[in-house]
Amino acid sequence: MQRRDLLKNLGVLPLAGVAVGGIDISEKEKELVAKRNLFEELGVRTFINAAGTYTFMTGSLMQEEVVEAIRSTSKEFCLLDDLQDKVGEKIAAIVKSESAVVTAGCFSAMTLGLAGVLSGMDTKKVAQIPHLEGTGMKSEVIVQKGHNVGYSQALTNTGCKMVFVETIDEVEKAINDKTALLWFLNIQSDQGKITHEEWVALGKKHNIPTMIDIAADVPPVSNLWKFNDMGFDLVCISGGKAMRGPQSAGLLMGKKNLIDAARLSMPPRGSTIGRGMKVNKEEIIGMYVALDHYVKHDHAADWKMWEGRVATISKAINSFPGLTTETRVPKLGNITPTLHVEWDQAKVKISSKQLQENLRKGNPSIEIVNNGESHISMTTWMMQAGEETKVAQRLKEEFQKAV
Ligand SMILES: *Cc1c(COP(=O)(O)O)cnc(C)c1O
């Protein structure tokens, strides 16, 4: 149905159920809205996500509880700051930090956290960021070379520059009166010589705040409080990855004075670097519900389910000659059973690229990860029940054609 027709139809519906101010909609109208397949109307391809939590694939599917919270809280107004205060207290209690605030993802948590470090509670400085020169604000962030994988743009957006180091000695030498922050990237922690604990100790010794990016690092659920407990002053995580909160939400957790300062750069305040990083009540409450539900969740049961799905896919294809399947679990980030499929193209005559294309164009459309010439990988944690069977069937078909 065209949107115009839908609106026309809505206009002739009986008034029963239409509430105050015409904002609420009747059951009948709800039904009409629910029947619309907007992806189809728009001509947008949807697919089974056998790849993982990727921003370009729209991340994750929100938990049902989150969707319900968004729907129900969209019906009333509240004050944005009041909501961030109350939700922040609840979240801080869950993650064992002094304070917390819902941001528009991990990336904005980092920008806002650093903005708070730079400005403190000085609103004049808040408005000056990212033009730091001549303001008296600090302007350098120290990071280990191995931790520099692109996300540091979140920090340089504040006007700070990154200073790269490798050893504790180099950190000590790099620290000067411009040093604002010591930044650590958990997913790359095996690529640096300095450990988490040493990083925190360096910060404390020189009285410089430490921040850690743990964007994709639950599960395990304990990572939600591990780094707060360890003494990082600021901890940043995505809400729309394994937690399956709103894709446009994340958390900034940490010291109360720093979170208070970061909030000066956040909406509703304008003339700030963070005015465009808005989260409204729906994302704020959605994030809280996602977190609350996530910590109470049966994670062992999830793990079993993911493994079961991986086994279903593996079993369907592992007898093709020249093809091997192996389940690996990443040590850092996206910790979930990941099925790697590799083959000898002399025996299985298809490239990863062609296979990816065929799966994409097939029915149902499926997205996997292409790891090279004849190597793909898949995760099952973003799948919906039963989709693993479809993935198994489609892969089997494709490999059958190629042998
Ligand atoms: C995903 C990711 C981010 C960005 O997180 P958003 O919630 O999408 O803003 C930052 N750092 C790392 C390591 C990530 O994996």
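Thresholds applied
- Residues numbered from 1 in each chain as written.
- Predicted model: local features only at pLDDT ≥ 70, side-chain atom pairs only at ≥ 80, totals over all residues.
- Heavy atoms only, no water.
- Near = heavy atom within 4 Å.
- Polar contact = N/O pair within 3.5 Å; in protein donor to acceptor, adjacent residues only side chain to side chain.
- Areas by Shrake-Rupley, 256 points an atom, 1.4 Å probe, with all protein chains shown as cover.
- Core = buried A, V, L, I, M, F, W, Y, C linked by side-chain atoms within 4.5 Å.
- Buried < 20%, exposed > 50% of the residue type's maximum accessible area, 1.4 Å probe, protein only.
- Helix = DSSP H or I, 4+ residues; strand = E, 2+ residues; numbered from the N terminus.
- Domains from an automatic or database assignment.
- Contact = heavy atoms within 4.5 Å.
- Patch = residues over 30% accessible without salt bridge, like charges linked within 9 Å, V, L, I, M, F, W, Y side chains within 5 Å.
- Salt bridge = Lys/Arg side-chain N within 4 Å of Asp/Glu carboxyl O.
- Buried area = accessible area lost by both parts, 1.4 Å probe.
- Expected span 1.5 Å × (residues − 1).
- Arc of directions from axis to C-beta.

Some remarks on the site of the ligand
Every residue near the ligand is listed here: Gly105, Cys106, Phe107, Tyr151, Leu185, Asp213, Ala215, Ala216, Ser238 and Lys241. Asp213 has a polar side-chain atom sitting 2.7 Å from a nitrogen atom of the ligand. Here Lys241 contributes a side-chain N or O atom positioned 2.8 Å from an oxygen atom of the ligand. For the ligand, whose unbound accessible area comes to 380 Å², protein coverage reaches 86%.

Details of the nonpolar core
Grouped together as the largest cluster of nonpolar side chains are 49 residues, with contacts concentrated most on Val102, Trp199, Leu224 and Leu291. The greatest single-element share of this core, amounting to seven residues, is contributed by helix H5 (residues 80–95). Residue contributions to this core reach at least three from each of two domains, namely domain 1 (61–296) and domain 2 (299–402). In this structure Val102 touches Gln84, Val87, Ile91, Ala249, Gly250, Leu251, Met266, Val279, Glu283, Ile284 and Met287, once residues within four positions along its chain are discounted.

Description of a nonpolar patch on the surface
Taken together, Leu38, Phe39, Leu42 and Val44 make up a surface patch of nonpolar side chains, about 410 Å² in accessible area. The partly exposed category is assigned to Leu38, whose relative accessible area is 45%.

Examining the domain arrangement of the protein chain
Split into domains, the protein chain comes out as domain 1 (61–296) and domain 2 (299–402). Centre-to-centre, using C-alpha coordinates, domain 1 lies 34 Å away from domain 2. Contact with domain 1, which involves 16 residues of that partner, is made by nine residues of domain 2. When the two sides are added together, the surface that domain 1 and domain 2 hide from each other amounts to roughly 920 Å², 67% of it contributed by carbon and sulfur. Ranking the residues of domain 1 by area buried against domain 2 places Leu61, Ile187 and Pro219 at the top, with a combined share of 44%.

What about H5?
Counted at 1.5 Å a residue, the expected span for H5 with its 16 residues is 22 Å, and the 22 Å between its end C-alpha atoms agrees. Burial in H5 covers these residues: Leu80, Leu83, Gln84, Val87, Gly88, Ile91, Ala92, Ile94 and Val95. Across the axial projection of H5, the buried residues extend over an arc of 150°, all falling on one side. What points out from H5, more than 90 degrees from its buried face, is the exposed set Glu89 and Ala93. Residues of H5 that are buried make contact with strand S2 (99–103), helix H11 (223–230), strand S8 (250–254), helix H12 (256–263) and helix H13 (281–296). Among the residues trailing H5, Lys96 stands out with phi positive, at a value near 60°.

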